[in-house]
Amino acid sequence: MEFKSEKLENGLVIIGELNKSAKSAAVGFFVRTGSRDETGNINGVSHFLEHMLFKGTDKLSALEVNEAFDRTGAQFNAFTSEENTVYYAAVLPEYLAEVTELWTQLMRPALRDKDFNLEKNVIKEEIAMYKDLPSFDVMDRCRTLHFDGHPCGYSVLGSEESIDNLTAEQMRGYFARRYAPNNIVLACAGDFEWDRIRRLAASSCSSWQKQTVERELGHSEGSRKKQRLEKANLAREHICLMSAGVSAQDPRRFAASLLGTIIGDDVGSRFFWEIVDKALAEAASMQFGAMDGTGAFCSYIRCSSENVAKVLDIVRNIFSDLSKSGITKDELTKAKNKILSALVIKNELPMGRLVDLGFNWTYLQEYRAIEDDVNAIKSVTVDDVYSLIEQFRPGDFTQLSLGPVRNS
């Protein structure tokens, strides 16, 4: 592996990890913007804007964009989160430069009124679709409840009302502020020619204008509020629990990920053995999410209404036992093996490596080889995890439930 980096005068950072033994290459533009960078009246604009980039430029129509990707056989897409919007493609090495050139064009989209008005209906249909998925809906609502008053509480999709009221001019203003070159990282991984990509980016992106880009940071302890909502079409109870965690910049993020695995991995965790294996719930999981300046543990549980009280009692007991006794060495070893296996397998492909490469630079402004993360995970001790439990008290959570209408 060989790492390369360069920063253009306008602030755009270009990074690459060369692996000549790879059989493919991947490229991505990592834009440091998401729902937390919005305001209530434009909530959902980041995700909407992601859609709009595929509508083309002043020189390329949406059909021509798709034909250009199709011609190379690229596996391409994009995603938007609370903090980032990422555009990526995995291709054969001989097509990486062509696909990178295409992305550089798309990163300066036309944002036509006609396309905006048409895509608005697509976004509203997507919002409706996800509202019909209670597992998504409960976590989206719980995030808002947990981050009460904090910008991380904004929904990535926005609401039907915010999308209805959003104007193309507001989107163009948001784009001008947030898609500045000094707020973007261009990353490549796999088998590619660094000098060619560097020259291409310098030629295509140097004219982009630098802007002052800000983000409201600050840790959130969470509201710890409890709320239950009823939906007439539900047959099961869907429960989301959220509690505070460390940030993406905190070295303890590796210990936090291990704690999430010990408590709520799909197989072999405390949730699994105490709730799922005993047929009290069909699903019970917990994950840790590190964010810019803050973080959160998020649990999802699905069970019958009759079992809710018993399941929540068991959950509270699990967290109480963690606070009293911590974790065992055997639990930590198993969690390390699970996380290390997933990490190494994902990073065997340039596309999997691209994501870690881009996010490490976005959050830390540093290059981390796979070995760095492997060693960081291996070095976590039982005491490290226990100190997290003591400080962040995962049992002191925000709770939001979606369930059937109760008969009065």
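Preceding block: the structure.
Notes on the structure in this doc start here. Just so it is clear, the model here is predicted, and its values are computed rather than measured.

A count of helical and extended segments in the chain gives 15 helices and 11 strands. A compact globule built from 408 residues would reach a C-alpha radius of gyration of about 22 Å, and the chain, at 22 Å, matches this within 12%. With respect to the principal axes defined by its C-alpha atoms, the chain has extents near 60 × 50 × 35 Å. Looking at the 408 residues of the chain, the share that counts as buried comes to 55%.

Interhelical geometry of helix α9 (residues 253-264) versus helix α12 (residues 329-347) gives an angle of 105 degrees and a closest axis separation of 9 Å. Regarding the angle of α9 to α12, the classification is roughly perpendicular. Of the residues in α12, those in contact with Ser257, Leu258, Thr261 and Ile262 of α9 are Glu331, Leu332, Ala335, Lys336, Lys338 and Ile339. Among the residues making up the contact of α9 with α12, the classes are represented as 5 nonpolar, 2 polar and 3 charged.

Attention shifts here to helix α5 (residues 134-146). With 13 residues, α5 ought to run about 18 Å at 1.5 Å a step, and its terminal C-alpha atoms sit 18 Å apart, in line with that. Within α5, burial applies to Pro134, Asp137, Val138, Cys142, Arg143, Leu145 and His146. Packing partners of the buried residues in α5 comprise α4 (113-131), β7 (226-230), β8 (237-245), β10 (295-303) and β11 (398-403).

Taking strand neighbours across the sheet as the criterion, the 6 strands line up as β1-β2-β6-β3-β5-β4 in an open arrangement whose pairing is mixed. Strands with a single pairing partner mark the edges of an open sheet, and in this sheet they are β1 (2-7) and β4 (75-80). The mean angle between the axes of side-by-side strands here comes to 10 degrees, regardless of whether they run parallel or antiparallel. Seen against the sheet, helix α13 (residues 350-364) touches β1, β2 (13-18), β3 (25-31), β4, β5 (85-91) and β6 (184-190) and runs at an angle of roughly 145 degrees to β6.

Attention now goes to the packing of helix α1 (residues 45-53) against α4. Their axes nearest at 10 Å, the elements α1 and α4 cross at an angle of 125 degrees. Classified by the angle their axes make, α1 and α4 are oblique. Judged by the twist between their axes, the crossing of α1 over α4 is right-handed. Residues His47, Phe48, His51 and Met52 of α1 form the contact with α4, whose own contacting residues are Asp115, Phe116, Glu119, Lys120, Val122, Ile123 and Glu126. Grouping the amino acids of the contact of α1 with α4 by side-chain chemistry returns 5 nonpolar, 2 polar and 4 charged.

Bringing the side chain of Ser46 into the picture now. Relative to the helices and strands, Ser46 resides in helix α1. The exposure class assigned to Ser46 is buried, which follows from its relative accessible area of 1%. Side-chain polar atoms of Ser46 contact the side chain of Glu38, separated by 2.7 Å. Excluding its chain neighbours within four sequence positions, the residues that come into contact with Ser46 are Thr33, Gly34, Ser35, Glu38, Thr80, Thr85 and Tyr174.

Our focus in this paragraph is the nonpolar core. With 53 residues, the main nonpolar core has Tyr87, Trp103, Met107 and Met171 as its most contacted residues. Per-element accounting of this core gives the leading share, 6 residues, to helix α3 (residues 96-106). Excluding residues within four positions of it along the chain, Met107 makes contact with Phe29, Val31, Leu53, Tyr87, Phe175, Tyr179, Ile184 and Trp208. By size, the runner-up hydrophobic cluster in this structure holds 45 residues, among which are Leu259, Ile263, Ala281 and Leu312.

This brings us to the pattern of salt bridges. Applying the stated criterion to the full structure yields 37 salt bridges. A salt bridge links Arg178 to Asp37, with the shortest nitrogen-to-oxygen separation between them at 3.3 Å. Residue Arg178 is found in helix α7 (residues 168-178), and its partner Asp37 is found in the loop between β3 and α1; the two are separated by 141 residues along the sequence. Pair check on accessibility: Arg178 and Asp37 agree, each one buried. A salt bridge links Arg368 to Glu366; the shortest N-O distance between them is 3.6 Å. Under the relative-accessibility criterion, Glu366 is labelled partly exposed at 34%.

To continue, consider the sheet that holds β10. Taking strand neighbours across the sheet as the criterion, the 5 strands line up as β7-β11-β8-β10-β9 in an open arrangement whose pairing is mixed. Strands with a single pairing partner mark the edges of an open sheet, and in this sheet they are β7 and β9 (283-290). Direction aside, neighbouring strands of the sheet carry axes that sit 15 degrees apart on average. Sheet analysis places β7 next to β11, joined by 5 bridges and oriented parallel. From the neighbouring strand, Gln227 faces β11, where its bridge partner is Leu400.

Turning our attention to the packing of aromatic side chains. Think of a pair of aromatic rings as described by two things: how far the centres are apart, and how the planes are tilted against each other in angle. With the rule as written, the count across this model stands at 21 aromatic pairs. Plain terms: the ring middles of Phe54 and Phe76 are 6.2 Å apart, the flat faces sit at 40 degrees to each other, and that makes the pair tilted. With Phe54 in the loop between α1 and α2 (62-72) and Phe76 in strand β4, this pair connects stretches of sequence that are 22 residues apart. Given the relative accessible area of 25%, Phe76 is considered partly exposed. Geometrically, the ring pair formed by Phe79 and Tyr88 is tilted, given 6.2 Å between the ring centres and 50 degrees between the ring planes. You can call Tyr88 buried: its relative accessible area is 19%. Connected via pairs of aromatic rings, a cluster forms that spans Phe54, Phe69, Phe76, Tyr87, Trp103, Phe175 and Tyr179.

About the cut-offs
- Residues numbered from 1 in each chain as written.
- Predicted model: local features only at pLDDT ≥ 70, side-chain atom pairs only at ≥ 80, totals over all residues.
- Heavy atoms only, no water.
- Helix = DSSP H or I, 4+ residues; strand = E, 2+ residues; numbered from the N terminus.
- Rg over C-alpha atoms; globule rule 2.2 N^0.38 Å.
- Buried < 20%, exposed > 50% of the residue type's maximum accessible area, 1.4 Å probe, protein only.
- Axes fitted to C-alpha atoms, helices over the stretch in contact; angles between N-to-C directions.
- Parallel < 35°, antiparallel > 145°, perpendicular 65-115°, else oblique.
- Contact = heavy atoms within 4.5 Å.
- Nonpolar A, V, L, I, M, F, W, Y, C, P; charged D, E, K, R; others polar.
- Expected span 1.5 Å × (residues − 1).
- Pairing = 2+ DSSP bridges.
- Left-handed = near helix turned anticlockwise from the far one by under 90°.
- Polar contact = N/O pair within 3.5 Å; in protein donor to acceptor, adjacent residues only side chain to side chain.
- Core = buried A, V, L, I, M, F, W, Y, C linked by side-chain atoms within 4.5 Å.
- Salt bridge = Lys/Arg side-chain N within 4 Å of Asp/Glu carboxyl O.
- Phe/Tyr/Trp six-rings, centres within 6.5 Å; stacked < 30°, edge-to-face > 60°.

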